[in-house]
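Residues per chain are reported as follows:
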Amino acid sequence: MTGSGKTAAFLLPILHKLIDSPRGKTRALVVSPTRELAAQILEALNGMAVHTPITAAAIYGGVGMAPQEHAMRAGVDVLIATPGRLLDHMRSPYAKLTNIEFLVLDEADRMLDMGFLPDIKRIIRAVPVKRQTLFFSATMPPPIEALTREMLRNPVRIDQGRRSIPAVGITQAIYPVKQELKTALLLALLKRGDMPQALVFTRTKHRANRLAEQLLKAGVRADRIHGNRSQPQRTAALAGFKNGKSRVLVATDIAARGIDIEALGHVVNFDVPAVPDDYIHRVGRTGRAEAVGDAFTFVAPDEENDLRAIERAVGKRLPRVTLPDFNYNARAEGRLEVPIGERIAAIRARKADERARSKSKAARSHGQRDGSHGEKARSHGEKERGTHPGGPGHGAPGGHSERTARGRGPRRGRGRR
């Protein structure tokens, strides 16, 4: 179940165990799939440990490694890391995990989905065999169960609620709509005033960018967060949404496991997720900690099969809803998604134009250098001709050049005498 307090469930016991331990050695390692989730866990830990001597640091990509190296050398009590950046540090001798007593794998199923299994196994080989290992996940698919049998010894399993269902405080609704009218439907819902803020999920980064652009053009304060954005951009977008600067945050599934926003009232699945577990995590961004929230899913005709898979997973048919006064037969204004062929053609055209400009610039620069070299050669030739007796640059007999040449001999001769 999402929003059930898993983060506190592993942080509080670890803090209790570490509070009387000597400082200067890293004794707990929390591995998470995304940067946002790592930063969120660190924030939660700092809030819980505010009146204790326990220290912690987050290790993730997209930011400089130097502060992270300093934290590891200093031996902070708890490290919260994404697998890739942690392995980057582990290439250096300062990144030793030989004192780890507690290893936590948070959102283990997501790390499996993202292909982190080989990285996780490398990390596990680097920590002591004698340790306590904890797996935490909002869902527990069969591959994760197999992984627990491989990596854990006599594990105790704790289920909070029924598996693969959203929290009870979430009201779910399905909006059947044509693919090309989804943006108009979202704008219509926003204009009604019932959604002060909304977290909107799309299936691709391109669609997230395009939707955010269209919302901004319509006068809706919006931002987006996905894997192609830099870490400072992602952090700023999330902070802007949390403090109310943005009314809509458009996200891909990278954010479904790393966003915890207090009192978020609405989640919109702009695209139906292809995997039921992703649906659970998306809608789980609202209705957290026994709060209430609404989760709307826009379903185009070609997404009905994915919806049926979700309904089988949650164990019920979700109610269909239509928006009064919305024209479901209207013609769409513009396209949300540019076909991949057109995008590739545009990229190739842009690259060709850049190469042509670069070639032209290089040719101009080369021509200027040739002209400069020719000017220098002519200047040098004129100087040579002007000082060589009998050259074309000589004046008439008795001229200045000849007098100068003749005058030097007698003066030098007189000086030697």
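All values reported here derive from a predicted model rather than from experimental measurement. Residue positions within a chain follow its written sequence, with the count starting from 1. Whole-chain, interface and lining totals are the exception, using all residues; otherwise, since this is a predicted model, local features are given only for residues with pLDDT of at least 70 and side-chain atom pairs are given and counted only at 80 or more. The basis for the side-chain values is all heavy atoms of the structure; hydrogens and waters are excluded.

1. Comments concerning the environment of A198
Numbered from the N terminus, helices here are DSSP runs of H or I no shorter than four residues, and strands are runs of E no shorter than two. Secondary-structure assignment places A198 in strand β7 (residues 198-201). Summary of the burial criterion: residues with accessible area below 20% of their type's maximum are buried, those above 50% are exposed, and those between are partly exposed, where the area comes from a 1.4 Å probe applied to protein chains only. Note on A198: relative accessible area 0%, which makes it buried. Separated by 43 residues in the primary sequence, A198 and F241 place their C-alpha atoms 9.2 Å from one another. Two residues form a contact once any of their heavy atoms are found within 4.5 Å. Residues within four places of A198 in sequence aside, it is in contact with F241, R247, V248, L249 and H266.

2. Things to note about the sheet that holds strand β3 (residues 78-81)
Paired strands are those between which DSSP finds at least two bridges. Strands sit in the order β2-β3-β1-β4-β5 across an open sheet of five strands; the sheet is parallel. The open sheet is flanked by β2 (56-59) and β5 (132-136), the only strands paired with a single partner. Between one strand axis and the next, the sheet turns by 15° as a mean value, whatever way the strands run. Bridging between strand β1 (residues 28-31) and strand β4 (residues 102-106) involves four bridges; their strand directions are parallel. Looking at β4, one finds that L29 is bridged to L103. Here, axes are lines fitted to C-alpha atoms. For helices the fit covers the stretch in contact, and angles between N-to-C directions go from 0 to 180 degrees. Taken strand by strand, helix α1 (residues 6-18) contacts β1, β3, β4 and β5, and its axis lies near 170° from that of β4.

3. A closer look at the sheet that holds strand β11 (residues 293-299)
Taken in spatial order, the six strands make up an open sheet running β6-β11-β10-β7-β9-β8, and their pairing is parallel. With partners counted over all chains shown, the strands left at the sheet margins are β6 (170-176) and β8 (222-225), one partner each. Within the sheet, the average angular offset between the axes of one strand and its neighbour, ignoring direction, is 20°. Bridge analysis of β8 against strand β9 (residues 248-251) gives four bridges, and the strand direction is parallel. Pairing of I225 across the sheet is with A251, part of β9. Helix α9 (residues 205-217) contacts β7, β8 and β9 of the sheet and is inclined by roughly 170° relative to β8. The strands that helix α11 (residues 276-283) touches are β6, β7, β10 (266-269) and β11; relative to β10, the one it contacts most, it runs at about 150°.

4. Here's the deal with α1
To estimate the expected span of a helix, subtract one from its residue number and multiply by 1.5 Å. Given a rise of 1.5 Å per residue, 13 residues ought to cover 18 Å, and the 19 Å separating the end C-alpha atoms of α1 matches this to within 8%. Considered for burial, the residues of α1 that qualify are K6, T7, F10, L11, I14, L15 and L18. Down the axis of α1, the buried side of the element spans an arc of 135°, and every buried residue falls inside it. Along its buried surface, α1 packs onto β1, α2 (35-48), β3, β4 and β5. The arc in question is traced by the directions running from the helix axis to the C-beta atoms.

5. Structural notes on the pattern of salt bridges
Here the idea is simple: oppositely charged side chains can pair when their charged atoms come close. The term salt bridge refers to a pairing of a side-chain nitrogen on Lys or Arg with a carboxyl oxygen on Asp or Glu at a separation within 4 Å. For the coordinates displayed, the defined rule picks out 15 salt bridges. Across the pair E101 and R27 runs a salt bridge, and its minimum N-O distance is 3.1 Å. Of the two residues, E101 is situated in the loop between α4 (83-89) and β4 and R27 in the loop between α1 and β1; the sequence distance between them amounts to 74 residues. Using a relative accessible area of 11% as the deciding quantity, one classes R27 as buried. One salt bridge connects D194 with R192, and the closest N-O pair in it is separated by 3.5 Å. On the basis of relative accessible area, R192 is assigned to the partly exposed category, the value being 45%. Several salt bridges converge on common partners, so that one network encompasses K182, R203, R207, D271 and E303.

6. Details of the packing of helix α8 (residues 182-191) against α9
The geometry of α8 relative to α9 is characterised by a closest axis approach of 11 Å and an angle of 45° between their N-to-C directions. As the angle between them shows, α8 and α9 are arranged oblique. Every pair of crossing elements has a handedness; the one defined by α8 and α9 is right-handed. Judged by residue contacts, T183, L186, L187 and L190 of α8 engage L211, Q214 and L215 from α9. Under the convention adopted here, Pro, Cys and the residues Ala, Val, Leu, Ile, Met, Phe, Trp and Tyr are nonpolar, Asp, Glu, Lys and Arg are charged, and Gly plus all remaining residues are polar. Considering only residue class, the contact of α8 with α9 consists of five nonpolar, two polar and no charged. Working definition: roughly parallel below 35 degrees, roughly antiparallel above 145 degrees, roughly perpendicular at 65 to 115 degrees, and oblique for all remaining angles. The crossing is said to be left-handed when, going from far helix to near helix, the turn is anticlockwise and less than a right angle, and right-handed when the turn is clockwise.

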